Amino acid sequence: MSLTRKDLGDLTIFCGYKTTDLERICKLLHQIEPSSDREEAWFEFPETKKHPREQLEIAHDLARRVNSGEQVVIVTHSDYIAKEINTMLMIGNLPNSTIKELGYEGITLRTSQVKNYIVKGTEITEIKPFDDGGFEFPTFDEVIDPMNELHQKVWFLIDQNKD
């Protein structure tokens with residue numbers, strides 16, 4: 001398992017199944033020589049002790065940094081940050097008037113700017129973007145989707161038992 005500067009995009013996201021996997025990534029990232037071409041910002045678990053709304057603001061700040069020319073690397077367990085990055089990628093495909101109407105002016109992203117990796121054990125797998133601009137985040141979806149299904153089933157059962 002190794003990482004080089006060519007593995008990094010304008011915005012690089014590392015998501016993992018375990019904290020220990022992501023801590024290993026942090027150590028690898030610290031071995032990469034800093035860029036002399038532009039400013040860099042590296043964030044390890046910026047979501048720690050942050051409310052979901054604050055995590056969305058972190059995602060917006062990352063996009064602003066990338067759009068101003070910084071290279072940004074984030075190591076995260078936050079499905080809020082990941083999904084908001086997806087939102088900014090998808091909204092970037094809409095007309096400027098719609099982007100402004102939605103309040104995303106200046107914080108949209110293009111898939112060419114973003115690299116997304118999933119870390120599991122010693123494997124680092126790059127996740128390619130969807131055509132509509134966004135990424136799959138299996139580390140989150142594999143947990144959240146069954147939770148949502150169970151939640152809907154429980155509400156259905158509660159509703160049935162009211163009679």
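Overview of the structure. Every chain is numbered on its own, with residues counted from 1 as its sequence reads. With pLDDT at 70 or above as the cut-off, local features in this predicted model cover only qualifying residues; side-chain atom pairs require 80 or more to be listed or tallied, and sums for whole chains, interfaces and linings still use all residues. For side-chain calculations, the full set of non-hydrogen atoms in the structure is used, while hydrogens and water are omitted.

Moving on, we get to the overall build of the protein. Strands here mean DSSP runs of E at least two residues long; helices mean DSSP runs of H or I at least four residues long; both are numbered from the N terminus. Tallying secondary structure elements over the protein gives five helices and five strands in all. With respect to the three principal axes, the spread of C-alpha positions in the protein is 70 × 45 × 30 Å. Type-normalised accessible area, obtained with a 1.4 Å probe on protein chains alone, sets the label of each residue: buried when under 20%, exposed when over 50%, and partly exposed for intermediate values. Looking at the protein as a whole, 40% of its 163 residues qualify as buried. Pairs at least 24 residues apart make up 70% of the contacts formed inside the protein by residues separated by at least 6 positions. We get accessible surface area from the Shrake-Rupley algorithm with a probe of 1.4 Å; when it comes to residues, only the shown protein chains can shield them. Taken as a whole, the protein presents about 9900 Å² of accessible surface, with 50% of it coming from carbon and sulfur. Neither His nor the chain ends is counted toward charge; the positive residues are Lys and Arg and the negative residues Asp and Glu. For this purpose, a charge sits on NZ of Lys, CZ of Arg, CG of Asp or CD of Glu. Distance between charge centres in the protein, computed from 19 positive and 29 negative side chains, equals 3 Å. Contact definition: two residues touch when any of their heavy atoms are within 4.5 Å.

So, on to helix 2 (residues 52-67). Counted at 1.5 Å a residue, the expected span for helix 2 with its 16 residues is 22 Å, and the 23 Å between its end C-alpha atoms agrees. Buried residues belonging to helix 2 abut strand 1 (11-16), strand 2 (40-44), strand 3 (71-76) and helix 3 (79-91). Under the convention used throughout, the expected extent of a helix is 1.5 Å for every residue step, that is, one less than its residue count.

Attention now moves to the pattern of salt bridges. What counts as a salt bridge is simple: a side-chain nitrogen of Lys or Arg found within 4 Å of a carboxyl oxygen of Asp or Glu. For the structure shown, the criterion picks out five salt bridges. Ionic pairing is found between Lys83 and Asp141, a salt bridge with its closest N-O pair at 3.1 Å. Of this pair, Lys83 sits in helix 3 while Asp141 sits in helix 5 (residues 138-160), and the two are 58 residues apart along the sequence. The partly exposed category is assigned to Lys83, whose relative accessible area is 37%. In this structure, Lys128 engages Glu126 in a salt bridge whose closest nitrogen and oxygen atoms are separated by 3.5 Å. For Glu126, a relative accessible area of 30% puts it in the partly exposed group.

Take Gln113: it is sitting in the loop between helix 4 (96-102) and strand 4 (114-120). On the basis of relative accessibility, which here comes to 4%, the residue Gln113 falls in the buried class. Polar contacts, as used here, are pairs of N or O atoms within 3.5 Å; protein pairs need one atom able to donate a hydrogen and one able to accept it. Residues neighboring in sequence count only if both atoms are side-chain atoms. Side-chain polar atoms of Gln113 contact the backbone nitrogen of Arg110, separated by 2.7 Å. For Gln113, the residues in contact, after removing those within four places along its chain, are Gly9, Asp10, Leu11, Val66 and Asn67.

Turning our eyes to something else, we now look at the environment of Arg65. For Arg65, the position within the fold is in helix 2. Judged by its relative accessible area of 25%, Arg65 is partly exposed. Spatially, the C-alpha atom of Arg65 lies 9.1 Å from that of Leu11, the residues being 54 residues apart in sequence. Beyond its immediate stretch of four places on either side in the chain, Arg65 contacts Ala41, Phe43, Glu70 and Val72. Separated by 2.9 Å, the side chains of Arg65 and Asp61 make a polar contact.

A word on a nonpolar patch on the surface. Excluding any residue in a salt bridge, patches collect residues exceeding 30% relative accessible area, merging like charges within 9 Å and nonpolar Val, Leu, Ile, Met, Phe, Trp and Tyr side chains within 5 Å. Taken together, the side chains of Leu150, Val154, Trp155 and Ile158 define a hydrophobic patch exposed on the protein surface, amounting to about 400 Å² of accessible area. Note on Trp155: relative accessible area 52%, which makes it exposed.

Now for the sheet that holds strand 4. Spatially, the five strands line up as an open sheet ordered 2-3-1-4-5, and their pairing is mixed. Edge positions in the sheet fall to strand 2 and strand 5 (123-127), since each of these pairs with one other strand and no more. For this sheet, the mean angle separating the axes of adjacent strands, direction not counted, is 15°. Examined bridge by bridge, strand 4 and strand 5 share five bridges and lie antiparallel to one another. Across the sheet, residue Tyr117 finds its bridge partner in strand 5, namely Glu126. Strand pairing is defined by DSSP finding a minimum of two bridges between the two strands. To obtain each axis, a line is fitted to C-alpha atoms, and for helices this fit is confined to the stretch in contact; angles are then taken between N-to-C directions over 0 to 180 degrees.

Read these as geometric descriptors, not functional statements.
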